[in-house]
Amino acid sequence: SQQGEEDPQALSIQEGENATMNCSYKTSINNLQWYRQNSGRGLVHLILIRSNEREKHSGRLRVTLDTSKKSSSLLITASRAADTASYFCATAKTDSWGKLQFGAGTQVVVTP
Amino acid sequence: EAGVAQSPRYKIIEKRQSVAFWCNPISGHATLYWYQQILGQGPKLLIQFQNNGVVDDSQLPKDRFSAERLKGVDSTLKIQPAKLEDSAVYLCASAVDRGTGELFFGEGSRLTVL
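Residues numbered from 1 in each chain as written. Chains lettered and ligands numbered in written order. Predicted model: local features only at pLDDT ≥ 70, side-chain atom pairs only at ≥ 80, totals over all residues. Heavy atoms only, no water.

## A few points about the overall build of chain A
Per the secondary structure count, chain A includes zero helices and 11 strands. Each helix and strand of chain A, placed in order from N terminus to C terminus, yields the pattern β-β-β-β-β-β-β-β-β-β-β. The C-alpha atoms of chain A give a radius of gyration of 13 Å, which matches the 13 Å a tight globule of 112 residues would have. Over its C-alpha atoms, taken along the principal directions, chain A stretches across nearly 45 × 30 × 20 Å. Across the 112 residues that make up chain A, the buried fraction comes to 47%. The contacts of chain A with a sequence gap of at least 6 include a subset with a gap of at least 24, amounting to 55%. Accessible surface, chain A: about 5300 Å² in total, of which carbon and sulfur atoms supply 45%. (Helix = DSSP H or I, 4+ residues; strand = E, 2+ residues; numbered from the N terminus. Rg over C-alpha atoms; globule rule 2.2 N^0.38 Å. Buried < 20%, exposed > 50% of the residue type's maximum accessible area, 1.4 Å probe, protein only. Contact = heavy atoms within 4.5 Å. Areas by Shrake-Rupley, 256 points an atom, 1.4 Å probe, with all protein chains shown as cover.)

See below:
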């Protein structure tokens, strides 16, 4: 079974708008990661947030983590057409020895 | 630095036939993963290697799937015999070491079983 579940399943926005997607998970984690996948390609790592961190930024990306609610959010600011992709959260459980489990993803479409 | 290499990129076979996928991870990466991604779903871990030993293969259908990582470098994933439900993209990923965080993915091998 998948550890993380993203919400919404799909998101359609205009260029320049912000995109927010959420991830919920079930068990204690060491870290949570977000990946992007363009159509027909492999996954690309975006950002990692550790269980003792609450917020992290990388360029136009902002990730939050609430371990009490077992949830995370990914915000993409000032979106561009090139941000069109599927976004996945992945969790590494505390006793998993690096095993990374992915959610079902959020499909984001950014129209010019 | 070269990325994770996978081949073939595409493969079409009939059910009950066999197929093998190859992965060459980033040089020096100790941990190697095989994931199965069915269309519209997230990647599902099949097997995780640490050097040439198996760390986790709990979700590998061992009656038909096998994988090996000889000498702790390249890896092959084999399916024999294939079923229709095995149609998916098979993604290989590597990491510097388990628990270190970021995974580096290859472009994947897309399998269609007819």
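## Let's talk about the interface of chain A and chain B
Many analyses report the size of an interface as the accessible area lost when the parts associate. Across the contact, 20 residues belong to chain A and 24 residues belong to chain B. Across the chain A-chain B interface, the total number found is two salt bridges. A salt bridge links R41 of chain A to E107 of chain B; its shortest N-O distance comes to 2.5 Å. Where chain A meets chain B, there are five residue pairs in polar contact (both at pLDDT 80 or more). When residues of the side of chain A that touches chain B are traced back to their parent elements, those giving at least two are β4 (29–37), β5 (43–50) and β10 (100–102) of chain A. Class assignment of the residues belonging to the side of chain A that touches chain B gives a composition of eight nonpolar, 10 polar and two charged. (Salt bridge = Lys/Arg side-chain N within 4 Å of Asp/Glu carboxyl O. Polar contact = N/O pair within 3.5 Å; in protein donor to acceptor, adjacent residues only side chain to side chain. Nonpolar A, V, L, I, M, F, W, Y, C, P; charged D, E, K, R; others polar.)

## Focus on the pairing of β4 of chain A
Residues and elements named next belong to chain A. Extensive coverage of β4 is indicated by the burial of seven of its nine residues. The pairing of β4 with strand β9 (residues 85–93) spans eight bridges and is antiparallel. Within β9, the residue paired with I29 across the bridge is K93. Relative to β5, β4 runs antiparallel, the two being bridged by seven bridges. Looking at the pairing, Q37 lines up with L43 of β5. As consecutive antiparallel partners, β4 and β5 are separated by five residues, and within that stretch G40 has a phi angle of approximately 75 degrees, a positive value. (Pairing = 2+ DSSP bridges.)

## As for the pattern of salt bridges
Once the charged atoms of two side chains with opposite charge are near each other, the side chains can pair. All names here are of chain A. Summed over all chains, the structure comprises seven salt bridges over all chains. Between E55 and R62 there is a salt bridge, with its nearest N and O atoms 3.1 Å apart. For R62, a relative accessible area of 31% corresponds to the partly exposed category. The shortest N-O distance in the salt bridge between D83 and R60 comes to 2.9 Å. Here R60 lies in the loop between β6 (55–58) and β7 (61–66) and D83 lies in the loop between β8 (71–76) and β9, a separation of 23 residues in the sequence. Classification of D83 by relative accessible area gives buried; the value is 9%.

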